[in-house]
Number of protein chains: 2
Amino acid sequence: MKDGPSLAPIAALAGDPARANMLTALLSGKALTATELANEAGITAQTASSHLSKLEGGGLIAGVKQGRHRYFRLSGSDVADMLEKMMGVAARAGHLRTRPGPSDPQVRKARVCYDHLAGEMGVEMFDGLSRLGVIASRGDDVKITRKGEAFFPKMGIDLSVLAQSRRPLCKSCLDWSQRRSHLAGSLGAALLDRIYDEGWAMRDRKSRAVLFSRSGESKFRSMFAA
Amino acid sequence: MKDGPSLAPIAALAGDPARANMLTALLSGKALTATELANEAGITAQTASSHLSKLEGGGLIAGVKQGRHRYFRLSGSDVADMLEKMMGVAARAGHLRTRPGPSDPQVRKARVCYDHLAGEMGVEMFDGLSRLGVIASRGDDVKITRKGEAFFPKMGIDLSVLAQSRRPLCKSCLDWSQRRSHLAGSLGAALLDRIYDEGWAMRDRKSRAVLFSRSGESKFRSMFAA
DNA sequence: TTCACACTTCGACGGTAGACGAAGCATCCG
DNA sequence: CGGATGCTTCGTCTACCGTCGAAGTGTGAA
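How each quantity is defined
Residues numbered from 1 in each chain as written. Chains lettered and ligands numbered in written order. Predicted model: local features only at pLDDT ≥ 70, side-chain atom pairs only at ≥ 80, totals over all residues. Helix = DSSP H or I, 4+ residues; strand = E, 2+ residues; numbered from the N terminus. Buried ≥ 20, exposed ≤ 12 C-beta atoms within 10 Å, placed from the backbone. Contact = placed C-beta atoms within 7 Å. Near = placed C-beta within 6 Å. Nonpolar A, V, L, I, M, F, W, Y, C, P; charged D, E, K, R; others polar. Pairing = 2+ DSSP bridges. Axes fitted to C-alpha atoms, helices over the stretch in contact; angles between N-to-C directions.

Enquirer: How would you sum up the overall build of chain A? Please name residues and give values.
Expert: On a plain count of helices and strands, chain A comes out with eleven helices and eleven strands. Within the span of chain A, comprising 226 residues, buried residues form 46% of the whole. Restricting to contacts in chain A with at least 6 residues of sequence separation, those with at least 24 account for 50%.

Enquirer: Quick one: what's the story with the protein's contact with DNA strand D, residue by residue and with numbers?
Expert: Around DNA strand D sit 21 residues, and of these A:Thr33, A:Thr35, A:Gln46, A:Ser49 and B:Gly67 come closest. Those elements giving two or more residues to the surface near DNA strand D turn out to be helix 3 (34-41), helix 4 (45-57) and strand 3 (69-74) of chain A together with helix 4 (45-57) of chain B. Of all the elements, helix 4 of chain A adds the most residues to the surface near DNA strand D, at six residues. Residues belonging to the surface near DNA strand D are distributed by class as follows: five nonpolar, twelve polar and four charged.

Enquirer: Describe the protein's contact with DNA strand C, naming the residues involved and giving the relevant values.
Expert: In the neighbourhood of DNA strand C, 20 residues make up the surrounding shell, with A:Gly67, B:Thr33, B:Thr35, B:Gln46 and B:Ser49 lying closest. Sort the elements by how many residues they give to the surface near DNA strand C and helix 4 of chain B lands first, with six residues.

Enquirer: Report on the sheet that holds strand 2 (residues 61-66) of chain A, specifying residues and quantitative values.
Expert: All names here are of chain A. The strand order across the open sheet formed by three strands is 1-3-2, and the pairing between neighbours is antiparallel. Of all strands in the sheet, those bounded by a partner on one side alone are strand 1 (32-33) and strand 2. Where strand 2 and strand 3 come together, six bridges link them in antiparallel fashion. Residue Ile61 lies in a different strand from strand 3, and its bridge partner there is Leu74. Lying on the sheet, helix 4 is in contact with strand 2 and strand 3; it crosses strand 2 at an angle near 120°.

Enquirer: Got a sec to walk through the environment of B:Leu162? Specific residues and values, please.
Expert: Tracing the backbone through its elements, the reader meets B:Leu162 in helix 9 (residues 159-164). On a C-alpha basis, the gap between B:Leu162 and B:Gly185 in space is 9.5 Å, while along the polypeptide they are 23 residues apart.

Enquirer: Report on the sheet that holds strand 3 (residues 69-74) of chain B, specifying residues and quantitative values.
Expert: Residues and elements named next belong to chain B. Strand order in this open sheet of three strands is 1-3-2, and the pairing throughout is antiparallel. Looking at the sheet topology across the chains shown, the edges are occupied by strand 1 (32-33) and strand 2 (61-66). Where strand 1 lies against strand 3, two bridges are found, and the strand directions are antiparallel. Looking at strand 3, one finds that Leu32 is bridged to Phe72.

In structure tokens:
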């Protein structure tokens, strides 16, 4: 018996390799132009245009025109969540990328997962926050402790502002490379922002990697590591 | 730049209408035979066989031989999670099923979401548990309260047993029909089991609907409703 | 042993969707 | 203005994949 929304159209959108590459690129959280996405997918601009209109029609991405460019981004964090979930299943099922890119080690070490930190250092931060007793997790379930309510404002994070957002304040996100949890949600996003602001790290321009400076990494560790 | 596991193969598996129907059927949590799945998808046995071997090869489902039947089930709750996420995105993007089945109202009212209760009554239960103060949720984040640690054992649910499972004890799951949260995780599954055990409801044989008896529904409401 | 049934394999067919070249609009820049 | 750039539309080609009929394997029932 048929019930529920049909997932075939949505899945089919993500099921084409070219489109999948585009979506993966957009998982960086950045808005990209049609041409950039075409390069990302390794196809011509014409073909990309067709794919992009399908993705937009399907509600997975949204495009805004700016001058003669057209910038695309994922239409929401639910799409990003879905894509990460799919990557998780893919990783478990052994569908690893056949040709790991040159940036692969960096990407495993630290990368953005839509708008928060993932990879080894993401997991490290999650563990560190737990050890400090400022967050408490049980299974999938993460909460800010009373201790945390004092801790985060001292880092320059205003929890009351974050709580106003409709998205969950904190949640865990299973890391495909580490098979461990890292911190997602608006708190995760705010922490990554702080890392940028402090100058500890910057985004790689061509991948999802987050590049820590030597001093940034040691400060990061002194704050979170064992 | 390519990074991460490639989602295209996984998505493509779910992207075919016939396979999507099979997966949706398996979302009921029941194991189904190849022939049942063929009927579900509206295709011949030969075609179904080909699809099923692809799904199995892709790691989305697992099959076991029993006599001359072969039973298939989803390979894990992560796959179920992924499918529900996709339905959520599909619902938001307006990809509703063109031809709602006859069981649709029942399915909207109460259905299984892999192994826990979803639909109107699922949301009702979630709200009721919150109002009773036995669970506390903030965004995506759900916890059992101290009050809950006394409450659930009285219902015949042993929390320490549930905690041993590797899956999260409780988490919320966004309902595609209600756009509200209901309770997933091993606690959600245990609650649905209790509902069956008490004789309040039984599974519909042909759909994901959960059929409450008149008295079962009133007992359910007296327990959870406002 | 013989038939019935569940499922798989093989082979052929057909529709569809992704690919690009060429051409057409817009927009910015000198 | 005129040329360059970014993107879209059109038309065409090709390759792949889902589909089923027919035949094959294995299991259970009579």
